[in-house]
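The lines below spell out each chain.
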Amino acid sequence: MDKTNLNNYFHSLFPIETETVEKITETFKEFTLDKNIRLLDKETISTKTYFLEKGYMRSYILNEDGEEVTTNIYWAPCFVNDFLSFFRQQPTKEIYETLTECSFWETNLENVQQNFHTIPEFREFSRLLFVINYYKLNDRLIEVVSQKAETRYLHLLKKQPHIFQHIPLKIIASYLGITDSTLSRIRKDISKM
């Protein structure tokens, strides 16, 4: 069990001693999931938190017409979870699904709470992680309501070109808040420039 990527993620966000990181991650267990497998289903309670070490996944909802609407796309390395469900032990509203084969590290709420109460650096790391996730969510919300579809597409293509190699365009279109035919038209128009 090589926890190098997991441990390095802690170091990448916050100056923290190696021994402290090893103590935080000692309870994490490794597992893998194939492509198109649900990590968390709607209306379930998240009992673990997950570090995505390798792969791509998404969260999505079903709208009133029963269509899938992608709410977020995740790529390694990052933590993936419905944090409200995890910390408040309430049912999830979204479905979390792998888009490629994925490798994870997981730990349970009891271990996370123990780390909160005994390791000050973990509290600070978690606070920073929540702020970063809030910023990303807020930034995405502002983009969706203030930018045209083409601008959102070009921005995503510029900032995260790798996702276009691993994620179906239909899911990317949903993430951008447009139909796949609109995305095809945008891509066609841009290719003519």
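Residues numbered from 1 in each chain as written. Predicted model: local features only at pLDDT ≥ 70, side-chain atom pairs only at ≥ 80, totals over all residues. Heavy atoms only, no water.

1. Remarks on the confidence of the model for the protein chain
We count it as follows: Per-residue confidence from the predictor is reported as pLDDT, which spans 0 to 100. Where helices and strands are cited, they refer to DSSP runs of H or I of at least four residues and of E of at least two residues respectively, numbered from the N terminus.
Confidence in the prediction for the protein chain averages 94 pLDDT; 99% of positions are at 70 or higher. Per-element mean pLDDT across the protein chain ranges from 88 in helix 9 (residues 180–192) up to 98 in strand 7 (residues 95–98).

2. Observations concerning empty space enclosed by the protein
For the record, the criterion: A pocket, in this scheme, is an open set of points on a 1 Å grid over the protein atoms alone with protein on both sides within 12 Å along at least 5 of 7 lines, while a cavity is a set where a 1.4 Å probe fits but cannot get out; residues line either one if an atom lies within 4 Å of a point. Grid points are joined across faces, edges and corners, and a volume is the space filled by probe spheres set on the points.
Per the counting criterion, the structure on display carries 1 cavity of 30 Å³ or more. Approximately 140 Å³ is the volume found for the largest cavity. The wall of the largest cavity is formed by 16 residues, among which Thr49, Phe79, Phe122, Ser126 and Leu129 lie closest to the centre. Contributing elements (two or more residues each) for the lining of the largest cavity: helix 3 (83–88), helix 4 (109–118) and helix 5 (120–146).

3. Overview of the domain arrangement of the protein chain
Note the threshold: An automatic or database domain assignment provides the domain bounds reported here. The contact definition used throughout considers only heavy atoms, calling two residues in contact when any of these lie within 4.5 Å. A simple way to read buried area is as the amount of 1.4 Å-probe accessible surface that goes missing from two parts once joined, with both sides added. Salt bridge, as used here, is a side-chain nitrogen of Lys or Arg placed within 4 Å of a carboxyl oxygen of Asp or Glu. Two N or O atoms count as a polar contact when they lie within 3.5 Å, although within protein this holds only if one can serve as hydrogen donor and the other as acceptor, and sequence-adjacent residues are included solely when both atoms are side-chain atoms.
Here the protein chain is described as being made up of domain 1 (4–146) and domain 2 (147–193). Relative placement of domain 1 and domain 2: their C-alpha centres are 25 Å apart. Taken residue by residue, the interface counts 17 residues in domain 1 and 12 residues in domain 2. Contact with domain 2 buries surface across domain 1, with Tyr56, Ile73 and Glu143 losing the most and accounting together for 40% of the total. Between domain 1 and domain 2 we count 0 salt bridges in total. Where domain 1 touches domain 2, the interface holds 5 residue pairs in polar contact (both at pLDDT 80 or more). Listing elements by their share of the side of domain 1 that touches domain 2, those giving two or more residues are strand 4 (56–62), strand 5 (68–75) and helix 5. Looking at which element gives the most residues to the side of domain 1 that touches domain 2, the answer is strand 5, with 7 residues.

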